[in-house]
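Here are the chains, one letter per residue:
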Amino acid sequence: MRLLISIGILGLFGMVVVWFVILNQYLRTLKNNYYQLWVELGKPAVFTNNTPQTNVAVFRHLRTRAYQRLSDHDLSKQGDRLRLFFIFYLIVFVLVVGLMTILFITNSRQSSF
């Protein structure tokens, strides 16, 4: 089980890198093709100007699928990919935390006897 948790944690770190790459592509496309919308979202970027306000605005934009209203096929594909990737990341995160919790509980019960 510990090996599975280790693989899960390493996988999560790798997924964060992938998230940064695909988010950066999306934000770059938004900035280049829909500058006014990008400004309305707070000029978000992956590392610079990464504030809670811009994060909330971008996540709301993705959650509500606002990008689909722009009728841009490429941007819609990128937005859908971001949404799916985020959902997949959350599922993996919950599974890894759940496994870690189970391991912690079973180890603490064994050591208390």
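All figures in this text were calculated on a predicted structure; none of them were measured in a lab.

A. Expanded view of the side chain of D72. With respect to the helices and strands, D72 occurs in the loop between α3 (52–63) and α4 (73–112). For the buried D72, which has no salt bridge, the nearest side chain bearing the opposite charge is K77, at an N-O separation of 9.3 Å. Within the local environment of D72, its side chain forms a polar contact with the side chain of Y34, the two groups lying 2.9 Å apart. At 3.1 Å, the side chain of D72 forms a polar contact with the backbone nitrogen of L75. The contacts of D72, once residues within four sequence positions are left out, are N33 and Y34.

B. Spotlight on unusual backbone geometry. Not every positive phi belongs to a glycine, and N49 is a case in point at roughly 55°. For N49, the position within the fold is in the loop between α2 (35–40) and α3. Judged by its relative accessible area of 37%, N49 is partly exposed. A positive phi angle, close to 55°, is found at R65, a residue other than glycine. As for its placement among the helices and strands, R65 is situated in the loop between α3 and α4.

C. Just helix α1 (residues 2–33), in detail. A rise of 1.5 Å per residue sets the reference length of α1, with its 32 residues, at 46 Å; its end C-alpha atoms lie 46 Å apart and thus fit the reference within 8%. Those residues of α1 lying buried are I5, G8, L12, M15, W19, I22, L23, Y26, L27, T29 and L30.

D. Molecular detail of α3. Look at α3: 16 Å from first C-alpha to last across 12 residues, which is about the 16 Å you get at 1.5 Å a residue. Turning to α3, its buried residues number three or more, namely T54, A57, V58, H61 and L62. Buried residues of α3, seen end-on, are gathered within an arc of 130° and therefore sit on one face of the element. Residues of α3 that are exposed and point more than 90 degrees away from the buried face comprise P52, Q53 and R63. At the exit of α3 stands R65, carrying a positive phi of roughly 55°.

Here is what the cut-offs are and how they apply
- Residues numbered from 1 in each chain as written.
- Predicted model: local features only at pLDDT ≥ 70, side-chain atom pairs only at ≥ 80, totals over all residues.
- Heavy atoms only, no water.
- Helix = DSSP H or I, 4+ residues; strand = E, 2+ residues; numbered from the N terminus.
- Buried < 20%, exposed > 50% of the residue type's maximum accessible area, 1.4 Å probe, protein only.
- Lys, Arg positive; Asp, Glu negative; His and termini not counted.
- Salt bridge = Lys/Arg side-chain N within 4 Å of Asp/Glu carboxyl O.
- Polar contact = N/O pair within 3.5 Å; in protein donor to acceptor, adjacent residues only side chain to side chain.
- Contact = heavy atoms within 4.5 Å.
- Expected span 1.5 Å × (residues − 1).
- Arc of directions from axis to C-beta.

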